[in-house]
Amino acid sequence: MRRAGLGEGGPGHYVASGYSVHEEENEQLREGLRAKVGALKSLTIEIGTEVRVQNQLLSDMDSDFDSTDGLLGATIGRVKRLSRGSQTKLLCYMLLFCFFVFFVLYWFMKLR
């Protein structure tokens, strides 16, 4: 006797063929998932590497800014000490020279 929907080869044959179809589909899906996981893993490793590089650059910039802050602080201290003295004429010349240098640099940058 044949049952409806079981196919020609009997119940065992139909179940086995359906099982293999599902197994092949599962295998294809698993390979696709494995490829996606591999891509995500490599992307995560690249992001981690980039974060380490950027953190190192930020650390270097921080130390550079700290050294610049020290240099500017010392220079401002000298200017204040100079302004307290009787050398105000020298201070005016120095400030005018600084403005002139900044103006010339601005002018050169504007020409480019």
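Here the structure is a predicted model, which means the values were calculated and not measured.

Cut-offs used in this document
- Residues numbered from 1 in each chain as written.
- Predicted model: local features only at pLDDT ≥ 70, side-chain atom pairs only at ≥ 80, totals over all residues.
- Heavy atoms only, no water.
- Helix = DSSP H or I, 4+ residues; strand = E, 2+ residues; numbered from the N terminus.
- Buried < 20%, exposed > 50% of the residue type's maximum accessible area, 1.4 Å probe, protein only.
- Areas by Shrake-Rupley, 256 points an atom, 1.4 Å probe, with all protein chains shown as cover.
- 1 Å grid on protein atoms, 1.4 Å probe; cavity = no way out; pocket = protein on both sides within 12 Å on 5 of 7 lines; lining within 4 Å.
- Points joined across faces, edges and corners; volume = space filled by probe spheres on them.
- Nonpolar A, V, L, I, M, F, W, Y, C, P; charged D, E, K, R; others polar.
- Phe/Tyr/Trp six-rings, centres within 6.5 Å; stacked < 30°, edge-to-face > 60°.
- Salt bridge = Lys/Arg side-chain N within 4 Å of Asp/Glu carboxyl O.
- Patch = residues over 30% accessible without salt bridge, like charges linked within 9 Å, V, L, I, M, F, W, Y side chains within 5 Å.
- Lys, Arg positive; Asp, Glu negative; His and termini not counted.
- Charge placed at Lys NZ, Arg CZ, Asp CG, Glu CD.
- pLDDT = per-residue confidence, 0-100.
- Contact = heavy atoms within 4.5 Å.

**Focus: the overall build of the protein**
Of regular secondary structure, the protein possesses two helices and zero strands. Residues classed as buried in the protein amount to 2% of the 112 residues present. A total of about 10,500 Å² of accessible surface is found on the protein, and carbon and sulfur atoms cover 66% of it.

**Side note on the layout of surface pockets**
Volume-wise, the largest pocket comes out at about 240 Å³. Lining the largest pocket, in full, are L72, T75, I76, V79, M94, L95, C98, F99 and F102. Looking at the lining of the largest pocket, the elements with two or more residues in it are α1 (10–84) and α2 (88–111). Partitioning the lining of the largest pocket into residue classes produces eight nonpolar, one polar and no charged.

**Examining the packing of aromatic side chains**
Under the criterion given, the structure shown has one aromatic pair. Taking 5.5 Å as the distance between ring centres and 45° as the angle between the ring planes, the aromatic pair formed by W107 and F108 counts as tilted. Assessed through its relative accessible area of 46%, W107 is described here as partly exposed. Relative accessible area serves as the criterion here: at 46%, F108 is assigned to the partly exposed category.

**Overview of the pattern of salt bridges**
This structure, assessed with the given rule, holds two salt bridges. R30 is paired through a salt bridge with E27; the nearest N and O atoms lie 2.2 Å apart. Taken as a pair, R30 and E27 lie in helix α1 at a separation of three residues, close to a single helical turn. E31 serves as the salt-bridge partner of R34, at 2.6 Å between the closest nitrogen and oxygen. With a gap of three residues between them, R34 and E31 both fall in helix α1, about one helical turn apart.

**Structural notes on a negative patch on the surface**
Residues D60, D62, D64, D66 and D69 make up a contiguous surface patch of negative charge. Turning to its location among the elements, D66 is positioned in helix α1.

**A few points about a nonpolar patch on the surface**
On the surface, F97, F100, V101, F102 and L105 cluster together to form a nonpolar patch covering roughly 530 Å² of accessible area. By the secondary structure assignment, F100 is in helix α2.

**A short note on a positive patch on the surface**
A cluster of basic side chains, namely R78, K80, R81 and R84, defines a positive patch on the protein surface. Here R81 lies in helix α1.

**Describing the confidence of the model for the protein**
Per-residue pLDDT for the protein averages 82, and the proportion of residues at 70 or more is 81%. Segment residues 1–14: pLDDT under 50, and four contacts once partners within four positions in sequence are set aside and those in other chains are kept.

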